[in-house]
Amino acid sequence: MIHYLTAHRLAEMMGKGEISAREVVGLHLERIEELDQHLGAYITVEKDRALASAREADEKRRRGEKLSPLSGIPMALKDNICTEGIPTTCASKILDNFIPPYSADVYERLQRAGCVLIGKANLDEFAMGSSTENSAFKITRNPWDEKRVPGGSSGGSAAAVAAGMAVFALGSDTGGSIRQPSAMCGVVGMKPTYGRVSRYGLVAFASSLDQIGPITRDVRDCALVLNHICGHDRRDSTSVDVEVPDFEKGLEQGIKGMRIGIPSEYFGEGIDRGVKERVEEAIKVLENLGAVCDEVSLPHTEYALPAYYIISSAEASSNLARYDGIRYGRRAEGYSDLVDMFVRTRSDGFGREVKRRIMLGTYALSSGYYDAYYKKAQQVRTLIKEDFDRVFEGCDIIVGPTTPTVAFRAGEKTDDPLQMYLSDVYTIPVNIAGLPALSVPCGFSEGLPVGLQFIGKPFAESTLLRAAYAYEQSTGFHKMHPQAKEASRDEI
Amino acid sequence: MITKKDVEYVAALARLEFSEDEKEELTKTLGDILEYAKKLSDVDTSSVQPTAHILPVNNVFREDRVEPSLGRDRVLENAPDKSKGCFRVPRVI
């Protein structure tokens, strides 16, 4: 089954001439044609462009050029990552006709590595959501059970990788939007340290929290993709100029003696029994591999979610002020004057959840409420970061669940925003503190994938990858795949 | 704690408009979220500095050099309305 192979395995096969990039890309395109009408992972599929770049990759190989391990590998990009000449909609009506005149830094880097863009993946509008149900265009289904959501907001990216419709994908993670859908779709997803990957060309949601990262089929692929997207970019003033190590190196060193903190707050009220059991089993596996696991406390965890919704909505309300119907995007018709044009354009162009967040953020920043909400949330942010600093004095990484539940049913939480927000309760603190974290599959509950979250110190992605790799190799959950079309019938 | 009047006031600030039904829904859901956010007032932050940004990066300077940027045509490609190399907007004055 070619469509479930990893990038590093495909690179090996292409190197030996066992398969061409043209064949790999062709097979993935066929798979999209067969499945995506149903799954809805893609907003745009770039068939001709993908086949052309695959042929180019094969040509380079024939000429004996030095190729990156990702050369000829088909990938999906979340549709909030700008791609020159290719529509970038953010799953919003207000950008449904937007064709960026420039590319995101990550896309430029991956193009240089020879990756083949196969399509742009569905998301919650402007990455605001946890189920990919807030897309203005379509919902994405979970490949493990089509009655369930894939998580979100990078639900299209995670579903595409899980269903064999892309070898890897990029998502963006503001409060868990890479790790949560990766957990729910049974794939590997990483949010790197804030500042590690350039945000140039990522459509902004909450600038102090957003970070781009890979969604892959195993930990080695995560390291490989990370190798190609990290690095300083002066077009993003928050991009940090630190050395980028070879993340693949050291993967196999094992975790003997590694000190792992298990935060008791991540196993409290609201966690499903099945998720809790899988994570506890995973912790035993880590201990058997030689890690020393100790309970730790992150006492301000319960305040992370309310702080996050104030901070992220405040930043969103300011970032989304740019959609005014003047320079790009949709402009409403029938307006009477300039202000009326703004109002009609924005009211008609944004969806329900996006407007709710703009309203919440505008309220929190408005005169008289600023100190009570926004400043307070930023002070709590300091305390959450200090919780992590303290714990990291005594341990190398933190391990816990990625999400409190497995993938929930479509429609289950759409009318209750607070319930929806709670599905990110274990991922949000990481964004607030700017830390790196990844989710790896750690088994099943109710027949659906469960994710194990590894959280690291700033810029310690290598340590996280080493721990996740050791865990993955001793369990093998990453080799389990949904039965695609059959899955829904089995599960219902 | 949040009234329909608040919703209308904030909507005007945000350049949004809502139907009566939407206003009612927003009054409720925003009220619920803000009520939940009240939880933050349990935390004593009297001596805590706010964190706006997680990185210890302050001003980032670069050489003041002229470099190529997008051409005017490319910049205008996505404009809903344009005229003579400019974005066109409704009359303001």
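Think of each chain on its own: its residues are numbered from 1, step by step along the sequence as written. By the order in which they are written, chains take letters starting at A while ligands take numbers starting at 1. With the structure being a predicted model, the display of local features is reserved for residues of pLDDT at least 70 and the display and counting of side-chain atom pairs for 80 or more, all residues being used for whole-chain, interface and lining totals.

## Describing the overall build of chain B
Along chain B, the regular secondary structure elements total 3 helices and 2 strands. Shown N-terminal to C-terminal, the secondary structure of chain B runs as helices and strands in the order α-α-α-β-β. On C-alpha atoms alone, chain B measures out to a radius of gyration of 23 Å, which is more than a quarter above the 12 Å that the 2.2 N^0.38 rule sets for 93 residues. With C-beta atoms placed from the backbone, the exposure class of a residue follows from how many other C-beta atoms lie within 10 Å of its own: 20 or more, buried; 12 or fewer, exposed; in between, partly exposed. Of all 93 residues assigned to chain B, the portion counted as buried reaches 15%. Per the convention used, a helix needs a DSSP run of H or I reaching at least four residues, while a strand needs a run of E reaching at least two, with both numbered from the N terminus. For the radius of gyration, the atom set is restricted to C-alpha positions; the globular benchmark scales as 2.2 Å times the number of residues to the power 0.38.

## So, the overall build of chain A
Secondary structure summary: chain A contains 16 helices and 11 strands in total. In terms of C-alpha radius of gyration, chain A reaches 21 Å, essentially the compact-globule figure of 23 Å for 492 residues. Seen along its three principal axes, the alpha-carbon backbone of chain A occupies a region of about 65 × 55 × 50 Å. Within chain A, buried positions represent 61% of all 492 residues. By the convention adopted here, residues make contact when the C-beta atoms placed from their backbones lie within 7 Å. Partitioning the intrachain contacts of chain A with sequence separation of at least 6 by distance along the chain shows that 77% fall at a separation of at least 24.

## Details of the interface of chain B and chain A
Of the residues lining the interface, 42 residues belong to chain B; the matching set on chain A comes to 54 residues. At the level of elements, helix H1 (4-13), helix H2 (20-37) and helix H3 (72-76) of chain B are the ones that each hand at least two residues to the side of chain B that touches chain A. Broken down by element, the residue count for the side of chain B that touches chain A peaks at 7 residues, all from H2 of chain B. For the side of chain B that touches chain A, the class distribution of residues is 27 nonpolar, 7 polar and 8 charged. Classification convention: Asp, Glu, Lys, Arg as charged; Ala, Val, Leu, Ile, Met, Phe, Trp, Tyr, Cys, Pro as nonpolar; all other residues, Gly among them, as polar.

## A word on the nonpolar core
Residues and elements named next belong to chain A. If you look at the biggest cluster of nonpolar residues, it comprises 166 residues, and the most contacted ones within it are Met75, Val116, Ala160 and Ala169. Here the element with the most residues in this core is helix H9 (residues 301-319); it accounts for 10 residues. Those residues in contact with Ala169 that lie beyond four places of it in its chain are Met75, Ala76, Leu77, Ala121, Ser157, Ala160, Val161 and Ile215. Only buried Ala, Val, Leu, Ile, Met, Phe, Trp, Tyr and Cys residues enter a nonpolar core, and they are joined through C-beta atoms within 7 Å.

## Structural notes on the confidence of the model for chain A
The predictor rates its confidence in each residue with pLDDT, a number between 0 and 100. Across chain A, the average pLDDT comes to 96, with 98% of residues at 70 or higher. Low pLDDT, under 50, characterises residues 486-492 of chain A; the stretch is placed with 11 contacts to residues that sit more than four places away or in other chains.

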